[in-house]
Structures are given as structure tokens and as C-alpha cells.
Amino acid sequence: MRRAPTSLSRVDHEREAALRDLDPLTVTKLWDNPCWLSFRLNFIAFRFNDPVYRWIETRYGLVRPEFVALYAVGLKEGVAAKNIVASSGLPKNTLSRAIQKLLTRRLLKRETDRYDLRSFVLHLTPAGRAIFEETMPLMVQQQSSMLAALTDAEQRQLCELMDKLVIASPNWPADLEPQS
């Protein structure tokens, strides 16, 4: 079984001491696992998302799909629901319900797309913009805390490597079929 390229060793004593502070199954899943990349990405994403989404739900009563839609529109006004589906990975029906709740709460407004009169685009209302503006610093702070372990050069390198993975992602299988 192949392991992570940074498999456990007893060479780097400082690193090994830090790993001893983690749950043993976490160490196994993130280092002694042939699928180490996906498990590490999910682990890091969870460490970012869980506290952020818990705070947002407590403060604003928005569940994750609702905030994902609000955040997407905050980043790019005039976006269509189909674009949020494509960028978030949320199912179309889940996102549709989330958008409907945001429209009902008057955090989003829907307008006819001026380039395609059969389609609609979404915009933040002032109340939606206020939530977006209040949550952004918290999310940036959470990200900064996570990146503090890396130098500026390492952060750039990580960003470049993530760029490569994102750009290559359309070439990955969308459905997995067992090999015959």
C-alpha cells in the first residue's frame, strides 16, 4: 500500500512530536493512506468550514447551502444559480431551496438577465450585503490563522500547486466505474 510522500518517519523529531498530539486514526488517515490527498484536503476544509458555518448559522440563521449562495453572489453580483451550482458542488435542488429561502428573507433579489431574457441573475439586497461584509473579515481571519504555519513563499507555492489541481480537475472522472 502506497503512503503519503511525507510518510511517518522518526527523522524529524519536532514533526513527529506534533503528530503525537493528533488523534491516532487522523494520523493514519492523513499519512498511512493511499488516498492521503483527498483526506488531507477534506480535513483542512473541515477545519476551516466547521467553525465558520457554525458561527454563521448561529448568528444569522443561515445553513451552509444558503450561505454558500449568498457568499457566491457577494463575490460576483449578477450571477445565475447554475453558476453557483457549478462552482459549489451543491446539488441543484439543494441550491434552489437555499436561494428561495434567501429570496423570501430578502437577502437576495432576482432580476431578469439582460443578456438572456429567459434567465434570471441574483443580486444581494442591502441586508444580504451587510451579512456578506460582516462575515468576510471572520473568514479571512480563519484563513490567515491556517496559513500562519507557512512562509510567504510557501503560501505562493501552495497557491500555485492548488491552481494546477483546480485547472486539471475537468479532466478527472466524474463517475467512477469499477475496473473490469
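Source: prediction; values computed, not measured. (Residues numbered from 1 in each chain as written. Predicted model: local features only at pLDDT ≥ 70, side-chain atom pairs only at ≥ 80, totals over all residues. Heavy atoms only, no water.)

For H123, the location among the structural elements is in strand β2 (residues 120–124). Assessed through its relative accessible area of 17%, H123 is described here as buried. Engagement of the side chain of H123 in a polar contact is seen with the side chain of E77, the distance being 2.9 Å. There is a polar contact of 3.3 Å between the side chain of H123 and the side chain of E111. If we skip the residues at most four places from it in the chain, H123 touches V73, E77, G78, L107, L108, K109 and E111. (Helix = DSSP H or I, 4+ residues; strand = E, 2+ residues; numbered from the N terminus. Buried < 20%, exposed > 50% of the residue type's maximum accessible area, 1.4 Å probe, protein only. Polar contact = N/O pair within 3.5 Å; in protein donor to acceptor, adjacent residues only side chain to side chain. Contact = heavy atoms within 4.5 Å.)

Grouped together as the largest cluster of nonpolar side chains are 26 residues, with contacts concentrated most on L62, F67, L70 and L108. Of all the elements, helix α4 (residues 64–75) adds the most residues to this core, at six residues. Setting aside chain neighbours within four positions, we find F67 in contact with Y53, I56, L62, I131, T135 and M139. (Core = buried A, V, L, I, M, F, W, Y, C linked by side-chain atoms within 4.5 Å.)

Moving on to the packing of helix α2 (residues 24–31) against helix α3 (residues 36–60). α3 packs onto α2 with a crossing angle of 130° between their chain directions and a minimal axis gap of 7 Å. Here α3 runs oblique to α2, going by the angle between their axes. Counted together, T26, K29, L30 and W31 of α2 and W36, F39, R40 and F43 of α3 form the full contact between these two elements. The residue makeup of the contact of α2 with α3, split by class, is five nonpolar, one polar and two charged. (Axes fitted to C-alpha atoms, helices over the stretch in contact; angles between N-to-C directions. Parallel < 35°, antiparallel > 145°, perpendicular 65-115°, else oblique. Nonpolar A, V, L, I, M, F, W, Y, C, P; charged D, E, K, R; others polar.)

With that settled, the discussion passes to the packing of aromatic side chains. Under the criterion given, the structure shown has four aromatic pairs. Both rings, one in F67 and one in Y71, keep their centres 5.8 Å apart while their planes meet at 35°; by these two values the pair is tilted. Of the two residues, F67 and Y71 are both situated in helix α4; the distance of four residues between them amounts to about one turn of the helix. Residue F67 is classed as buried on the basis of its relative accessible area of 1%. Measuring from ring centre to ring centre gives 5.5 Å for Y71 and F132, while their planes differ by 45°; the resulting arrangement is tilted. Of this pair, Y71 sits in helix α4 while F132 is found in helix α7 (residues 126–147), placing the two residues 61 residues apart along the sequence. Taken together, the ring pairs connect Y53, F67, Y71 and F132 into an aromatic cluster. Between the NZ or CZ atom of R110 and the centre of the ring of F120, over which it lies, the distance is 5.5 Å. (Phe/Tyr/Trp six-rings, centres within 6.5 Å; stacked < 30°, edge-to-face > 60°. Lys NZ or Arg CZ within 6 Å of the ring centre and 35° of its normal.)

Summarising the element assignment, P34 is placed in the loop between α2 and α3. The exposure class assigned to P34 is partly exposed, which follows from its relative accessible area of 44%. On a C-alpha basis, the gap between P34 and K101 in space is 41 Å, while along the polypeptide they are 67 residues apart.

On the surface, L37, L41, L158, M162, L165 and W172 cluster together into a nonpolar patch covering about 490 Å² of accessible area. If you list the elements that add at least two residues to the nonpolar patch, you get α3 and α8 (152–168). Broken down by element, the nonpolar patch gets its largest block of residues, three residues, from α8. Judged by its relative accessible area of 36%, L37 falls in the partly exposed class. (Patch = residues over 30% accessible without salt bridge, like charges linked within 9 Å, V, L, I, M, F, W, Y side chains within 5 Å. Areas by Shrake-Rupley, 256 points an atom, 1.4 Å probe, with all protein chains shown as cover. Salt bridge = Lys/Arg side-chain N within 4 Å of Asp/Glu carboxyl O.)

This part covers the packing of α3 against α7. It is the contact of α3 with α7, at a shortest axis distance of 11 Å, that shows an interaxial angle of 155°. As far as their axial angle goes, α7 and α3 are roughly antiparallel. The handedness of the crossing between α3 and α7 is right-handed. Along the contact surface, α3 presents I44, R47, F48, P51, V52, W55, I56, R59 and Y60, while α7 presents I131, E134, T135, L138, M139, Q142, Q143 and M146. (Left-handed = near helix turned anticlockwise from the far one by under 90°.)

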